[in-house]
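Each chain, written out:
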Amino acid sequence: MALTTPDTIRTLQRKLYRKAKQETAFRFYSLYDKVYRADTLSHAYDLVRANKGSAGIDGVTFAAIEATEGATAFVAELAEALKNQTYKPSPGRRVMIPKSNGSMRPLGIPTIRDRVAQMAVKLVIEPIFEADFCETSYGFRPRKSTHDAVEDVSHSLNRGYTEVIDADLSRYFDTIPHAKLMTLVAERISDGQILHLLRMWLKAPVVEEDQDGTKRTVGGGKDNRLGTPQGGVISPLLANLYLHLLDRIWERRRLQQRLGARIVRYADDIVILCRRGHERPLAVLKQILERMELILNPDKTRIVDVFQDRFDFLGFEIQMGKSRRTGNHYAHVQPSKKAIKTIKDRVTDLTERNRTRLPLEVVVTEVNRTVRGWVNYFHFRNCSKVLEHVRGHVEERLRTHLRKRHKVRNRREGYARFGNRVLYAQYGLYKVPTTAGWTRAHALR
């Protein structure tokens with residue numbers, strides 16, 4: 001359940017947003033005192049706690065905080081440190097997260113104390129930048145979603161923007177130049193203490209701990225001039241702000257009208273939809289990114305004619321389909337092959353033979369939670385056939401699990417004892433929906 005923002009903070013955010021919206025050149029100079037307000041820090045603590053993140057380099061967890069000093073005292077101490085300007089961030093803890101392609105993604109996990117401070121700053125400054133962000137930007141924004149971004153892409157395809165530049169940035173979070181990023185921040189914020197906090201977080205060391213307990217610095221530090229560590233609360237906003245420069249150039253130079261190319265962006269996932277060829281839009285994109293000191297990955301950036309091929313965007317596979325009923329083309333959106341494989345592999349893992357020693361209720365609960373979360377995201381647009389396929393896999397895997405648990409070797413007997421009706425009525429399996437709303441908009445072709 002989402003936490004409700006207190007009225008005092010909501011009022012502050014609305015005032016900041018309106019001021020930024022009305023005066024596009026205004027620089028906010030008195031923000032720092034709003035960060036260490038009791039209501040701001042208390043709500044920041046609740047938000048960070050709700051995210052259920054792990055401990056930082058100090059090993060301090062929420063359970064430890066609340067079992068010793070208590071949340072109120074913790075927040076009061078942080079408020080005092082911020083007010084007296086004695087606050088200093090701790091190093092981030094390096095954690096490696098496996099990616100679907102087999103590689104590892106490095107995260108720098110700040111301590112809870114630092115995450116709360118970052119969340120408090122985010123609560124104050126986000127409305128200012130939100131007033132500036134372009135309508136084609138969807139990532140890390142309040143009241144914007146991945147589905148909104150996919151709908152924008154689909155609508156553009158249906159309007160004839162059917163040649164797609166599926167852009168990939170090389171190591172974006174690791175290559176953001178601090179100087180240029182802070183210049184963008186300073187266009188709107190002149191409060192020196194806010195700018196100082198942001199610089200400290202950008203340059204905080206990242207520390208890795210070996211199995212024997214030895215700690216060594218593997219990133220960050222005062223000499224570091226690139227990157228915003230993934231894992232920090234403030235990092236998504238800063239990363240989004242830097243790529244806002246790309247959106248802003250595209251909008252102010254009217255490149256959609258001049259080049260026939262619409263940009264849609266969700267954080268660093270970028271697609272440019274073209275209706276008059278991709279050569280000039282791609283050249284302009286490269287030129288802008290070069291000035292921003294960012295690298296377009298030539299191996300992963302693709303040019304896609306959606307009448308001939310498909311592309312993946314935010315977990316969905318998108319291409320132009322043709323209605324059997326009307327013969328009209330339309331943007332066909334369904335879960336990607338990678339997304340389907342991910343959920344099937346996960347369900348298979350949860351129902352393996354070695355889990356028969358667990359209580360059946362635990363196995364079914366974990367399967368239900370996993371599948372329901374996946375469906376909540378992918379039950380969107382043209383997903384019916386995929387959902388039917390996933391439902392069949394879930395049913396078959398639980399049936400196989402029950403056969404192993406009850407030592408039923410014969411597959412036919414397994415179907416007789418553990419038919420679909422039994423799986424749902426007796427064992428409480430979550431029933432994957434197999435229908436999806438149909439979007440009637442068709443391509444102008």
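Residues numbered from 1 in each chain as written. Predicted model: local features only at pLDDT ≥ 70, side-chain atom pairs only at ≥ 80, totals over all residues. Heavy atoms only, no water.

**Thoughts on the sheet that holds strand β7 (residues 269–274)**
Spatial strand order, β6-β7-β3-β8: four strands in an open sheet with antiparallel pairing. Each end of this open sheet is capped by a strand with a single partner; those strands are β6 (261–266) and β8 (302–305). Strand-to-strand, the axes of this sheet are offset by a mean angle of 20°, without reference to chain direction. In terms of strand pairing, strand β3 (residues 163–167) meets β7 through five bridges, oriented antiparallel. Note that in β7 the partner of Asp166 across the bridge is Val271. Strand contacts of helix α7 (residues 146–158): β3, β6 and β7, with the helix running at about 165° to β6, the strand carrying the most contacts. (Pairing = 2+ DSSP bridges. Helix = DSSP H or I, 4+ residues; strand = E, 2+ residues; numbered from the N terminus. Axes fitted to C-alpha atoms, helices over the stretch in contact; angles between N-to-C directions. Contact = heavy atoms within 4.5 Å.)

**Topic: the pairing of β3**
When you tally the buried positions in β3, you get four out of five residues, the bulk of the element. In terms of strand pairing, β3 meets β8 through four bridges, oriented antiparallel. The residue of β8 that forms the bridge with Val164 is Val304. (Buried < 20%, exposed > 50% of the residue type's maximum accessible area, 1.4 Å probe, protein only.)

**Things to note about helix α10 (residues 192–202)**
For α10, the set of buried residues is Ile194, Leu195, Leu197, Leu198, Met200, Trp201 and Leu202. For α10, the secondary structure elements touched by its buried residues are α2 (32–35), α5 (71–83), α6 (112–130), α9 (178–186) and α11 (235–252). For α10, the side-chain oxygen to backbone nitrogen distance between the N-cap and Gln193 is 3.0 Å, and the N-cap itself is Asp191. (Polar contact = N/O pair within 3.5 Å; in protein donor to acceptor, adjacent residues only side chain to side chain.)

**Focus: the packing of α9 against α11**
Relative orientation of the contacting elements α9 and α11 amounts to 80°, with a least axis distance of 10 Å. Overall, the two elements α9 and α11 adopt an arrangement that is roughly perpendicular. Along the contact surface, α9 presents Lys180, Leu181, Leu184 and Val185, while α11 presents Leu238, Leu241, Tyr242, Leu245 and Arg248. Residues of the contact of α9 with α11, tallied by class, amount to seven nonpolar, no polar and two charged. (Parallel < 35°, antiparallel > 145°, perpendicular 65-115°, else oblique. Nonpolar A, V, L, I, M, F, W, Y, C, P; charged D, E, K, R; others polar.)

**Quick notes on the state of the cysteines**
Note: disulfide means a covalent bond formed between the sulfur atoms of two cysteine side chains. Per the counting criterion, the structure on display carries zero disulfides. With no disulfide of its own, Cys274 lies closest to Cys134 among cysteine sulfurs, the gap being 18 Å. Residue Cys274 is classed as buried on the basis of its relative accessible area, which comes to 1%. (Disulfide = S-S within 2.5 Å.)

**A closer look at unusual backbone geometry**
Positive phi, normally seen in glycine, also occurs at Lys52, with a value near 60°. Here Lys52 lies in the loop between α3 (38–50) and α4 (62–67). The class of Lys52 is exposed, set by a relative accessible area of 73%. Backbone geometry at Gln85 places phi at a positive 60°, although glycine is not the residue there. In this fold, Gln85 is placed in the loop between α5 and β1 (92–98).

**Observations regarding the environment of Ser154**
Within the secondary structure, Ser154 is located in helix α7. Residue Ser154 is classed as buried on the basis of its relative accessible area of 1%. Linking Ser154 and Met292, residues 138 residues apart in sequence, is a C-alpha distance of 29 Å. Excluding residues within four positions of it along the chain, Ser154 makes contact with Ala331, Val333 and Arg381.

**A few points about the environment of Gly231**
Counting through the fold element by element, Gly231 comes out in the loop between β5 (215–219) and α11. The class of Gly231 is partly exposed, set by a relative accessible area of 35%. In sequence terms Gly231 and Lys341 are 110 residues apart; their C-alpha atoms lie 26 Å from each other.

**A short note on the packing of aromatic side chains**
Evaluation of the coordinates by the stated rule reveals 14 aromatic pairs. Relative to Tyr36, the ring of Tyr32 has its centre 5.6 Å away and its plane inclined at 75°; by these criteria the two rings are edge-to-face. Residue classification places Tyr32 among the buried residues on the basis of a relative accessible area of 9%. Given the relative accessible area of 21%, Tyr36 is considered partly exposed. With centroids separated by 4.7 Å and ring planes inclined at 35°, the aromatic side chains of Trp374 and Phe378 adopt a geometry described as tilted. With Trp374 and Phe378 both in helix α15 (residues 360–378) and four residues apart, the pair spans about one turn of that helix. The exposure classification of Trp374 matches that of Phe378, with both residues buried. Linked through ring pairs, Phe316, Trp374, Tyr377, Phe378 and Phe380 together constitute an aromatic cluster. (Phe/Tyr/Trp six-rings, centres within 6.5 Å; stacked < 30°, edge-to-face > 60°.)

All quantities given are derived from atomic positions and should not be read as evidence of function.
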